[in-house]
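# Summary of structural features
Read off the chains here:
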Amino acid sequence: TMENKDKYYWALIDNDGQLNEIDLGEKIGLNENETNEIIVQLLSEYKIEYTAIRSCNYSPTKRAKRMKKN
């Protein structure tokens, strides 16, 4: 759902690469399939990018990080 996507997106920003993307989804109540679907949606909207830095393979795009600071 849209609500889960937003919840995951903000959790990903707050996560800052600490948990991997699946564990992060589980932390907010999503199963692996739901998490993967949300990741695909966020990638297609250019809200996140594949980075493979630290534990998490995805991070918010630079634009998203700037928006959070404002």
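Our structure's up above, just so we're on the same page.
Described in the following lines is the structure provided in the data block. (Residues numbered from 1 in each chain as written. Predicted model: local features only at pLDDT ≥ 70, side-chain atom pairs only at ≥ 80, totals over all residues. Heavy atoms only, no water.)

### A short note on the environment of Thr 61
- With respect to the helices and strands, the residue Thr 61 is situated in the loop between strand 2 (58-60) and helix 4 (62-69).
- Placed 15 residues apart in sequence, Thr 61 and Tyr 46 show a C-alpha to C-alpha distance of 7.0 Å.
- If we ignore the near neighbours within four places in the chain, the residues touching Thr 61 are Tyr 46, Lys 47, Ile 48 and Glu 49.
- At 3.3 Å, the side chain of Thr 61 forms a polar contact with the backbone oxygen of Tyr 46. (Helix = DSSP H or I, 4+ residues; strand = E, 2+ residues; numbered from the N terminus. Contact = heavy atoms within 4.5 Å. Polar contact = N/O pair within 3.5 Å; in protein donor to acceptor, adjacent residues only side chain to side chain.)

### A look at unusual backbone geometry
- Within the chain, Asp 16 stands out as a residue other than glycine whose phi angle is a positive 50°.
- Mapped onto the elements, Asp 16 comes out in the loop between helix 1 (2-15) and helix 2 (21-27).
- Judged by relative accessible area, which is 48%, Asp 16 ranks as partly exposed.
- You will see that Tyr 46, though not glycine, has its phi angle at about 60°, which is positive. (Buried < 20%, exposed > 50% of the residue type's maximum accessible area, 1.4 Å probe, protein only.)

### Digging into the nonpolar core
- Tyr 8, Leu 12, Leu 42 and Ile 48 are the most contacted members of the largest nonpolar core, which totals 13 residues.
- When residues of this core are traced back to their parent elements, those giving at least two are helix 1 and helix 3 (32-44).
- The dominant element in this core, judged by the number of residues it contributes, is helix 1, at five residues. (Core = buried A, V, L, I, M, F, W, Y, C linked by side-chain atoms within 4.5 Å.)

### Description of the environment of Gly 29
- Relative to the elements of secondary structure, Gly 29 occurs in the loop between helix 2 and helix 3.
- Owing to a relative accessible area of 60%, Gly 29 belongs among the exposed residues under this scheme.
- When the C-alpha atoms of Gly 29 and Asn 4 are compared, they prove to be 9.1 Å apart, with 25 residues separating the residues in sequence.

### Observations concerning the pattern of salt bridges
- Applying the stated rule across the entire model yields two salt bridges.
- We note a salt bridge from Lys 47 to Glu 45, for which the minimum N-O separation is 3.8 Å.
- Owing to a relative accessible area of 32%, Glu 45 belongs among the partly exposed residues under this scheme.
- A network of salt bridges, in which partner residues are shared, links Lys 5, Glu 45 and Lys 47. (Salt bridge = Lys/Arg side-chain N within 4 Å of Asp/Glu carboxyl O.)

### Examining the packing of helix 1 against helix 3
- Contact pair helix 1 / helix 3: the axes reach a minimum separation of 10 Å and the direction vectors enclose 80°. With respect to helix 3, the element helix 1 is oriented roughly perpendicular. Seen from helix 1, the contacting residues are Asn 4, Lys 5, Tyr 8 and Tyr 9; seen from helix 3, they are Thr 35, Ile 38, Ile 39, Gln 41 and Leu 42. (Axes fitted to C-alpha atoms, helices over the stretch in contact; angles between N-to-C directions. Parallel < 35°, antiparallel > 145°, perpendicular 65-115°, else oblique.)

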